[in-house]
Amino acid sequence: MAAVVATAIATSFDPRPAYAADEQAKAAEFEIKQDALIERFNAAKSSLDIQAQAIALRELRDLFHDVKVLEKEARIADVDFMLRDLEQALTFPPEKLASAQEVQRLDNLGAASGNPEQRLRHYRQALELAGQVYGPTSFHYVAVELGIAMTCVQAGYANDPEGIAAASHARDTLENLGMLESRRLREAHSYLAFLYYSGQDYANALSAGERAIELYGTTDDKQHNDYLKLATALTHMTNDAGRYQDSIEHARKILNSNVPLRGKKRYYYARTLRFYAEAKGIQKDFEMAEAAYEEYLLIVDRIIGFPPAERLSALKELSAVLKARENHDRLAEIEQEIAEFQLPPDRSPGPSEQETIRIAVKRLEAEALFTEARNAFNVEGQVTALRDVIKTNVELKTTVDDANAAHAAYLLDDMERIAKLPEQRRQEAIESIKELATGTEEFQEEDYASALNHIEVAMELARNALGGESYHYVKAEVDWAESTLSFGGQEDRDQGLAYLRHARDCLEQRGAVTSVLYLKTMTLLTRYHIDREDSGATLETGKIATSLYDMEIINLDNNYSLMTGYMAHYLNKIGKHRAAGLYARAGALGNAPKYGKFSMLYARNLQEFTRAGVGLREYGNCKPVFEELLRVAERNPDCPREKRIEYLEEYLAFLKLRGEEEPLDEIVDKLAQLKKPLQKSRYSW
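Procedures and definitions
Residues numbered from 1 in each chain as written. Predicted model: local features only at pLDDT ≥ 70, side-chain atom pairs only at ≥ 80, totals over all residues. Heavy atoms only, no water. Helix = DSSP H or I, 4+ residues; strand = E, 2+ residues; numbered from the N terminus. Rg over C-alpha atoms; globule rule 2.2 N^0.38 Å. Buried < 20%, exposed > 50% of the residue type's maximum accessible area, 1.4 Å probe, protein only. Contact = heavy atoms within 4.5 Å. Areas by Shrake-Rupley, 256 points an atom, 1.4 Å probe, with all protein chains shown as cover. Lys, Arg positive; Asp, Glu negative; His and termini not counted. Charge placed at Lys NZ, Arg CZ, Asp CG, Glu CD. Core = buried A, V, L, I, M, F, W, Y, C linked by side-chain atoms within 4.5 Å. Phe/Tyr/Trp six-rings, centres within 6.5 Å; stacked < 30°, edge-to-face > 60°. Patch = residues over 30% accessible without salt bridge, like charges linked within 9 Å, V, L, I, M, F, W, Y side chains within 5 Å. Salt bridge = Lys/Arg side-chain N within 4 Å of Asp/Glu carboxyl O. Polar contact = N/O pair within 3.5 Å; in protein donor to acceptor, adjacent residues only side chain to side chain. Axes fitted to C-alpha atoms, helices over the stretch in contact; angles between N-to-C directions. Parallel < 35°, antiparallel > 145°, perpendicular 65-115°, else oblique. Left-handed = near helix turned anticlockwise from the far one by under 90°. Nonpolar A, V, L, I, M, F, W, Y, C, P; charged D, E, K, R; others polar. pLDDT = per-residue confidence, 0-100.

Q: Tell me what's going on with the overall build of the protein, and back it up with residues and numbers.
A: Helix and strand content of the protein: 30 helices and zero strands. Against the globule reference of 26 Å for 685 residues, the protein gives a C-alpha radius of gyration of 28 Å, in line with a compact fold. By principal-axis analysis of the C-alpha atoms, the protein measures approximately 85 × 80 × 70 Å. By the burial criterion, 50% of the 685 residues in the protein qualify as buried. At a minimum sequence separation of 6, the contacts of the protein that also span at least 24 residues come to 68%. When the accessible area of the protein is evaluated, it comes to approximately 31900 Å², of which 50% is carbon and sulfur surface. Each charge class in the protein was averaged separately, 85 positive and 110 negative side chains, and the resulting centres sit 2 Å apart.

This is the structure:
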């Protein structure tokens, strides 16, 4: 099959070689210092301490001067823009200084408000006062204008004159000041694009959006959700305007980048693929359109809660492309899927974006209260907090939030029962929770035998007090299986697998399928299946586990790259190379270490990625990935000799397949050296 997006779609991954360890350390040190200074600045702004704000910004500017940092000049210019106002304010007489503080107070109130009209009222007052205190070309004036524009976008105010006027003035001010690389300038253009687009003023929307895209200079910038949202919107806008080649070019900016398919990024990437496929179909490039639609379906099938109607529309579009290509076998499969597709009942409309933010904040507050009560073993406090957690999840009205509410309800059942138990049983239940917490701590300290003892006590107490289907018993089962996987024998592992299957069934029956506990259960099941070399079960549970990781409900860990590597391996073996390429790409872009013994997880994903590319005959990204794979093997003393030979042999076969002479001789020489019999030491006898 020909390449799909410049080089490929499923294999759109360009590995950037890992920095040397000392460079990584310097980068990490810079991030820590920068984050600390930004935190200090934000705290000072919250307390309206202008002098402390100025001190933090001066130190931040010095930090940018002293280190090698992306967009150094633009960052320094932005800091200087803020400092200009603050240093001016420090010369004000007391009355005017109080007015400067009032500008910040009103701005803080606006940013904190969940109601768009209330937010705009605060911003309008702040804008008027900022004009009097600093003038209409000051940082504070521009910052408040951007707050107004952002609020209008988030609230869905189509073509709003106030939002457009604010963003336009901010844009003109920044351009007149020569701040052409300022991040605030691209914000102004982005807000204008969305405001014009919502009002169907497509010409102005495209002009503003394309200018904003030009201002995203660095690779890291292009990983941000704001960039991806804008680039996806531009792909859609240019399609709607009949500018199909422009739409394809905008799509390629996302599809040919290392966008990790997690969180909101999955939605932007998938929708961009669909717009790309639509444009290619209209251009009658049906082969590329088919490949893009197929990859779109692979991605959205892993997104829990993805809108079913959107997927159905894409299936119908793919059906038309398959008819044009006369791909009758695949067409029959898609038409059967369309015929059997069941759209769920319409949900009542969800809250607005601003209302969603307000509810989400209340949910975070309730979750914090629950954590506080749990740490204090306060049963009644947990009951109250969990009820609020459930209420806020239900108010958000999405499939994922329904599952979150179900998880909280499962836990709430236990806590309400504990609250009503006789004193002795109540203490047993609380002791079960304490024993499980102790077991978790000791597991984290790698004292697996002691952890297992505490977990077994917790299981027995939970079963006696709450029953074998209770939340706390199920959690203890999962923790027991995790501890056993780390050091147990085959009999223990068989028991661990049985516990995990029971835990999975209980969680699924309660609908708690987006919880951290369910993620942990499915991850451990996948690891057990990998351990048993059960490819079918690995693919089944691994798909669920990796999808939950991709929701970003917890940070990625080595389990993610372990699962994606094995899933890609099994998928490649059965010829499902496009799906294999997606999993391998995800694992390679995860946080698997590039140094040390766990770098072999990274290596497995790289290797399976190249195998997927060769299987698809989409070779564009294979060579740099092979080169990165060989670098990983060379710098890892734990990489087995047999694996190095395997990597080199596969690279050699690839080079011959492509008819490439460089670096053919070098690879042949390396293989010859590795295949020489190892010399025994004269002192080894």
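Q: An account of the environment of Ala408 is requested, with residue identities and associated values reported.
A: Along the chain, the position of Ala408 falls in helix α18 (residues 399-420). Through-space distance from the C-alpha of Ala408 to that of Ala503 is 16 Å; in sequence the pair is 95 residues apart. Excluding residues that lie within four positions of it along the chain, Ala408 makes contacts with Leu386, Val389 and Ile390.

Q: Talk me through the nonpolar core; I want residue IDs and the actual numbers.
A: Residues Leu57, Ile148, Leu230, Tyr269, Tyr296 and Ile299 are the most contacted members of the largest nonpolar core, which totals 97 residues. Take this core: its biggest share by element is nine residues, from helix α6 (residues 139-154). Excluding its chain neighbours within four sequence positions, the residues that come into contact with Leu57 are Phe41, Val79, Met82, Leu83 and Leu86.

Q: Any chance you could break down the packing of aromatic side chains for me, citing the residues and the numbers?
A: Tallied over the full model, the rule gives 16 aromatic pairs. For the ring pair Tyr267 and Phe306, a centre distance of 5.8 Å and an interplane angle of 20 degrees mean the geometry is stacked. One end of the pair, Tyr267, is in helix α12 (residues 264-282); the other, Phe306, is in the loop between α13 (286-300) and α14 (308-325), and 39 residues separate them in sequence. We classify Phe306 as buried; its relative accessible area is 8%. Considering the side-chain rings of Tyr549 and Tyr560, the 5.6 Å spacing of their centres and the 65 degrees angle between planes classify their relative orientation as edge-to-face. Taken together, the positions of Tyr549 in helix α24 (residues 535-550) and Tyr560 in helix α25 (residues 558-573) put the pair 11 residues apart, joining distant regions of the chain. Across this residue pair, the class does not change: Tyr549 and Tyr560 are buried. Taken together through their ring pairs, the aromatic side chains of Tyr619, Phe626, Tyr651 and Phe654 make up a single cluster.

Q: Quick one: what's the story with unusual backbone geometry, residue by residue and with numbers?
A: If a residue is not glycine, its phi is most likely negative; likewise, a peptide bond is most likely trans. Cis rather than trans, the peptide bond between Glu662 and Pro663 has omega equal to -5 degrees. You can see Pro663 is positioned in the loop between α29 (641-658) and α30 (664-675). Non-glycine residue Glu446 carries a positive phi angle of around 65 degrees. Residue Glu446 is classed as exposed on the basis of its relative accessible area of 58%. You will see that Glu552, though not glycine, has its phi angle at about 65 degrees, which is positive. Within the secondary structure, Glu552 sits in the loop between α24 and α25.

Q: Mind laying out a negative patch on the surface, listing which residues take part and the relevant values?
A: A surface patch of negative charge is lined by Glu661, Glu662, Asp665 and Asp669. Using a relative accessible area of 60% as the deciding quantity, one classes Glu662 as exposed.

Q: Break down the pattern of salt bridges for me, citing the residues and quoting the values.
A: If you walk through the whole model with that rule in mind, you get 48 salt bridges. Across the pair Arg611 and Glu608 runs a salt bridge, and its minimum N-O distance is 2.8 Å. With Arg611 and Glu608 both in helix α27 (residues 599-616), this residue pair falls three residues apart, about one helical turn. Here Glu608 falls in the buried class, since its relative accessible area comes to 1%. With a closest N to O distance of 3.7 Å, Arg635 and Glu628 form a salt bridge. Take Arg635: its relative accessible area is 25%, and that puts it in the partly exposed class.

Q: Outline the environment of Arg252, listing residues and values.
A: Within the secondary structure, Arg252 is located in helix α11 (residues 244-255). Between the C-alpha atoms of Arg252 and His472, which are 220 residues apart in sequence, the distance is 48 Å. Within polar-contact distance, the side chain of Arg252 engages the side chain of Glu249 at 2.9 Å.

Q: Which residues make up the packing of helix α5 (residues 116-133) against α6, and what are the values?
A: Here α5 crosses α6 at 160 degrees, and the two axes come no closer than 9 Å. Relative to α6, α5 is oriented roughly antiparallel. Seen from above, α5 lies across α6 with left-handed handedness. Counting all contacts with α5, which are made through Pro116, Arg119, Leu120, Tyr123, Ala126, Leu127, Ala130 and Gly131, the residues of α6 involved are His140, Tyr141, Val144, Glu145, Gly147, Ile148, Met150, Thr151, Cys152 and Gln154. When the residues that make up the contact of α5 with α6 are grouped by side-chain class, the tally is 11 nonpolar, five polar and two charged.

Q: Explain the confidence of the model for the protein to me, using residue names and the numbers behind them.
A: A low pLDDT means the predicted coordinates there should not be read in detail. Of all residues in the protein, 93% have pLDDT values of 70 or greater, and the mean over the chain is 89. Segment residues 1-11: pLDDT under 50, and 49 contacts once partners within four positions in sequence are set aside and those in other chains are kept. Residue range residues 680-685 is modelled with pLDDT below 50. Its contacts to residues more than four positions away, or to other chains, number zero contacts.

Q: For the packing of helix α2 (residues 50-66) against helix α3 (residues 72-89), give the residues involved together with the corresponding values.
A: α3 packs onto α2 with a crossing angle of 155 degrees between their chain directions and a minimal axis gap of 9 Å. By the angle between their directions, the pair α2 and α3 is classed as roughly antiparallel. Crossing of α2 against α3: the hand is left-handed. Residues Ile50, Gln53, Ala54, Leu57, Arg58, Leu60, Arg61, Phe64 and His65 of α2 pack against Lys72, Arg75, Ile76, Val79, Asp80, Met82, Leu83, Leu86, Glu87 and Ala89 of α3. Residue classes in the contact of α2 with α3 are distributed as 11 nonpolar, two polar and six charged.

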